[in-house]
Structures are given as C-alpha cells and as structure tokens.
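Geometric and topological summary
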Amino acid sequence: MTFPEHLPVSRRPMPDEVPSLGWGIMGTGWIADKFCAALRDSTTQRISAVVSRSQSRADAFATAVGAERAHGDVEQMLADPTVDVVYIATPHPNHRDDALRVIAAGKHVLIEKPMGINAQQAREVAAAAREAGVFCAEALWTLFLPKFDVVRQLVQAGVLGEIIAIQADQGEWFDDGHRILDPELAGGAMLDLGTYPVMFATWLLGQPDEVQAVGTRADSGVMGTVTMSLHYPTLAQASLQTSLLGELPNVGMISGTKAMLQFDRKFYQPGSFTLLDRATGRALRYEEKAIEHAGLFHEALEVARCISEGRTETPLRPLGDTISYLDVMDDVRDRIGDRFLME
Ligand SMILES: NC(=O)c1ccc[n+]([C@@H]2O[C@H](COP(=O)([O-])OP(=O)(O)OC[C@H]3O[C@@H](n4cnc5c(N)ncnc54)[C@H](OP(=O)(O)O)[C@@H]3O)[C@@H](O)[C@H]2O)c1
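Computed from a predicted structure; not experimentally measured. (Residues numbered from 1 in each chain as written. Predicted model: local features only at pLDDT ≥ 70, side-chain atom pairs only at ≥ 80, totals over all residues. Heavy atoms only, no water.)

1. Overview of the site of the ligand
Close contacts around the ligand come from 21 residues, with Thr28, Ser52, Arg53, Arg57 and Lys113 the closest. Contacts to the ligand include Glu112, whose side-chain N or O atom sits 3.4 Å from a nitrogen atom. Within the side chain of Trp141, a nitrogen or oxygen atom sits 3.2 Å from an oxygen atom of the ligand. Elements with a minimum of two residues in the shell around the ligand: helix H1 (30-42) and helix H7 (189-205). Class assignment for the residues of the shell around the ligand results in six nonpolar, nine polar and six charged. (Near = heavy atom within 4 Å. Polar contact = N/O pair within 3.5 Å; in protein donor to acceptor, adjacent residues only side chain to side chain. Helix = DSSP H or I, 4+ residues; strand = E, 2+ residues; numbered from the N terminus. Nonpolar A, V, L, I, M, F, W, Y, C, P; charged D, E, K, R; others polar.)

2. What to know about unusual backbone geometry
Going from Lys113 to Pro114, the amide bond is cis rather than trans, its omega being -10°. Within the secondary structure, Pro114 is located in the loop between strand E5 (108-112) and helix H5 (119-132). Positive phi values are uncommon outside glycine, yet Ala186 reaches one of about 55°. Position of Ala186 relative to the elements: it lies in the loop between strand E7 (163-171) and H7. Within the chain, Asn250 stands out as a residue other than glycine whose phi angle is a positive 55°.

3. Some remarks on the side chain of Thr43
In this fold, Thr43 is placed in the loop between H1 and strand E2 (46-51). Since its relative accessible area comes to 13%, Thr43 is described here as buried. Reaching out from Thr43, the side chain makes a polar contact with the backbone oxygen of Leu39 at a distance of 2.7 Å. At a separation of 3.0 Å, a polar atom in the side chain of Thr43 contacts the main-chain amide nitrogen of Gln45. When near neighbours in sequence (up to four residues on either side) are disregarded, Thr43 contacts Pro15, Ala38, Phe297 and Leu301. (Buried < 20%, exposed > 50% of the residue type's maximum accessible area, 1.4 Å probe, protein only. Contact = heavy atoms within 4.5 Å.)

4. Notes on the packing of helix H4 (residues 95-104) against H5
At a closest axis distance of 10 Å, the pairing of H4 and H5 adopts a crossing angle of 5°. In this view, H4 runs roughly parallel relative to H5, as classed from their interaxial angle. Contacts between H4 and H5 pair Arg96, Ala99, Leu100 and Ile103 from the former with Gln121, Glu124, Val125, Ala128, Ala129 and Ala132 from the latter. (Axes fitted to C-alpha atoms, helices over the stretch in contact; angles between N-to-C directions. Parallel < 35°, antiparallel > 145°, perpendicular 65-115°, else oblique.)

5. Things to note about the packing of aromatic side chains
What the rule picks out here adds up to 12 aromatic pairs. Between Phe35 and Tyr87, the aromatic rings sit 3.7 Å apart at their centres with planes inclined by 15°, giving stacked as the arrangement. Of this pair, Phe35 sits in helix H1 while Tyr87 is found in strand E4 (residues 85-88), placing the two residues 52 residues apart along the sequence. By relative accessible area, which is 0% here, Phe35 ends up buried. With relative accessibility at 0%, the residue Tyr87 sits in the buried group. Taken together through their ring pairs, the aromatic side chains of Phe148, Tyr196, Phe200, Trp203, Phe263, Phe267, Tyr268, Phe273 and Tyr286 make up a single cluster. (Phe/Tyr/Trp six-rings, centres within 6.5 Å; stacked < 30°, edge-to-face > 60°.)

6. Examining helix H8 (residues 297-308)
In a regular helix each residue adds 1.5 Å, so 12 residues correspond to 16 Å; H8 covers 17 Å between its end C-alpha atoms and thus fits that length. Along H8, 11 of the 12 residues are buried, which leaves the element largely enclosed by surrounding structure. Every buried residue of H8 is accounted for by Phe297, His298, Glu299, Ala300, Leu301, Glu302, Val303, Ala304, Arg305, Cys306 and Ile307. On its buried face, H8 is in contact with strand E1 (22-26), H1, E4, E5, strand E6 (136-139) and helix H6 (146-156). Remark: Gly310 follows H8 within two positions and exhibits a positive phi of approximately 75°. (Expected span 1.5 Å × (residues − 1).)

7. Section: the UniProt feature "domain: GFO/IDH/MocA-like oxidoreductase" (unreviewed entry) in the protein
Within this structure's numbering, the places UniProt gives as "domain: GFO/IDH/MocA-like oxidoreductase" (unreviewed entry) are residues 150-261. When the span residues 150-261 is considered, its composition is 21% helix and 37% strand, and the gap between its end C-alpha atoms is 11 Å. (UniProt positions renumbered as here; feature names shortened; annotations may be inferred.)

8. A short note on the domain arrangement of the protein
For the protein, the assigned domains read domain 1 (15-142) and domain 2 (159-290 + 319-336). Taking the mean C-alpha position of each, domain 1 and domain 2 sit 26 Å from one another. With 20 residues of domain 1 in contact, the opposing surface of domain 2 contributes 22 residues. When domain 1 packs against domain 2, close to 1,800 Å² is buried across both sides, 67% of that on carbon and sulfur atoms. (Domains from an automatic or database assignment. Buried area = accessible area lost by both parts, 1.4 Å probe.)

As structure tokens, this is what we get:
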C-alpha cells in the first residue's frame, strides 16, 4: 500500500447510534467518578445504580454522579432489574471475584483494567462469562478511542509496512498513601501503568518469543520502575517502560518499513498523532482533542453496541487478547520477582 492522501475516518459509534443501557457502578473511587462524568456528559447511557461497601458512601456518590439508586450491598444492586451492565471500578485484587459475582447474577460486565492480577484470574472470568453467555470485556479504554480505530485501519491496510520497532512508556508520580503504593492492593507500576505499554505492543504484535525486563522497587516495597524488551520472531522489537516514581514522556511510537507513527504525549489517552512517510518525509496529522478521561465514554458506547447486537465480546478487546497480554505481564513480573502478596 502506498502512502495515503488522507487518513481514514474513525468508525466508532456516535452516542445516539447505540441504545441507552442501565449501568451499575461498583466502587466509588477516582475512575468510577470519571466514568460516570463521561457517561453523563457525552452519552444517553443511564447510571441506574451505584454500590459501595458503605451505604453512606453509596448515597453520597449517587448524589454526586446523578445515579438513580444507591446500594450498600452488592447483591442488592445485582438484583436491581434496571441494571443491564455493571462497570467494575474496584482495586485490582477485587476484579476477578467482583466479576464472577456479576456474571453469576446474569448481568453483563465491563471490568477496569487489568481484568485480574494475573492471566489465570482473567481466564477464570472469561470462562465464566462464556459459560453464562453474558457480555464481558476489559475496560482498556485506549482501544475504544477514535484515534485507535484510525491506527487500526492504517496498520491493517499495510500503510506502515512491516513493523520493526515499538516504543511506549507510561509513568507518573504518585503521592504517599496512594493505592498504587500499597502491597495489599497488588500495587506497583505494572498493573496500573505498565498495562498500557504492554497492551500497545501485544495489540500490534501479539505474543513475543522472548521477554527481558529489569525492575526497581519503591520504598513501600512495590515495583516502582520496570523496563521491558519484547522480541518477536519477525523483525520486530518493542521497548517499553513504566514507572510510578516520576513522570515519563508517555510516548507511543510504531516504526514500520514504510512509515512511522508517533502519538502526541500520553498515547493512551485521547489525542493526536503524526504519520510520517519514510520514503518522501511527507506527514499526515490526525487531530483529536486531548480530553483526558472525558473520553471514557467511548468504551461505554462500544459495550452498548455489542450488547444490543447480542455479542458477548467486543472485537476491539476480545477476551483472548486480555488473557494473552496478562501472560506477557506475568512473564515480565516473573523475571523481576514482582509477585503479589495474594498470589
Ligand atoms: N482507565 C483508566 O484510565 C484508569 C485510571 C485509574 C484507575 N483505573 C483502574 O480502576 C481501578 C480502580 O482504581 P481507582 O484509582 O479508581 O481506585 P480508588 O480511587 O482507590 O477507588 C477504588 C474503589 O473501590 C472500592 N473498594 C472496594 N474494595 C476496596 C478495598 N479493599 N480497598 C479500597 N477500595 C475498595 C472503594 O469504593 P467503596 O469504598 O465505596 O466501596 C474505592 O473507592 C484499578 O483497577 C485501576 O487499574 C483505570
């Protein structure tokens, strides 16, 4: 394929192109708040109910996000007939068991990333969802953004040629007391931040045949910085880094034999990118507003689209992809001795 005149157009649905579902929100923390704001501000999806470990926190959160009902007990919410699909926004070690409860109640489920603390937990969730015939996906929101659909089309059309190198990193500073520093909550850079660069490489290239990694611990004992190299049986290599000890450039770059694609900073959030033709140096620019977590609504639209079409998985993040990137994460963690207390 020769270098295109124009970039393809994103095929992501508009908010009024999908049915309005009733959402149950599990957890009342940082990302639950962002997700509810994105639903409220950009979609016709309904926040039917929220659930917290405490009724008073559920009441306060329901008021803040405009939810119709507040529950202090998960079973109450799962019995609520207005809840079509549950968004799980609890800490990582809770995801597997929370998801299994939702699936056992026959509800569809969108689970914050990562789906489990390791690939085995994701396998258990995927098997239960398939057995129950409910929709299930990992909320790896990056893959549902319009810009990623444009990149998907460019890669599939062969515009980049054969991929030879990928660079991606995700790093930011966290204050003492944050969940990410807590060993009891499977803290460390890998599950909160490393998920993005590892997802990016495996989304483009699949399973590597060789993984190398080095890690440095934070004072609390969790893994603070991890640098990873993935080698593929093709020409490709991926160079990935994650850190909770400070800001990284948060770049995402794909180099192919025909073209290079460079995301603007924070590749995993809404934003722009540049596609550069190797032969001529010609550049095409994709512009997307850097609206940060307001862009979480795209994943909700995809879930509503899939459920309305009777699908139990989304092609944008199939369960098999979730399991296989967690296999790579497990491999990295094995190499650096990053074992969680509950493993
Ligand atoms: N997509 C993204 O950009 C993004 C960004 C940040 C986080 N995340 C993911 O979302 C998940 C939640 O992260 P967060 O930053 O929102 O965490 P958070 O602010 O700590 O919120 C987690 C919520 O889960 C509930 N919870 C249940 N059991 C808990 C326990 N044992 N300890 C603490 N809280 C518990 C709490 O609500 P109640 O007390 O009301 O029960 C709490 O507010 C993580 O898995 C993370 O990877 C995704």
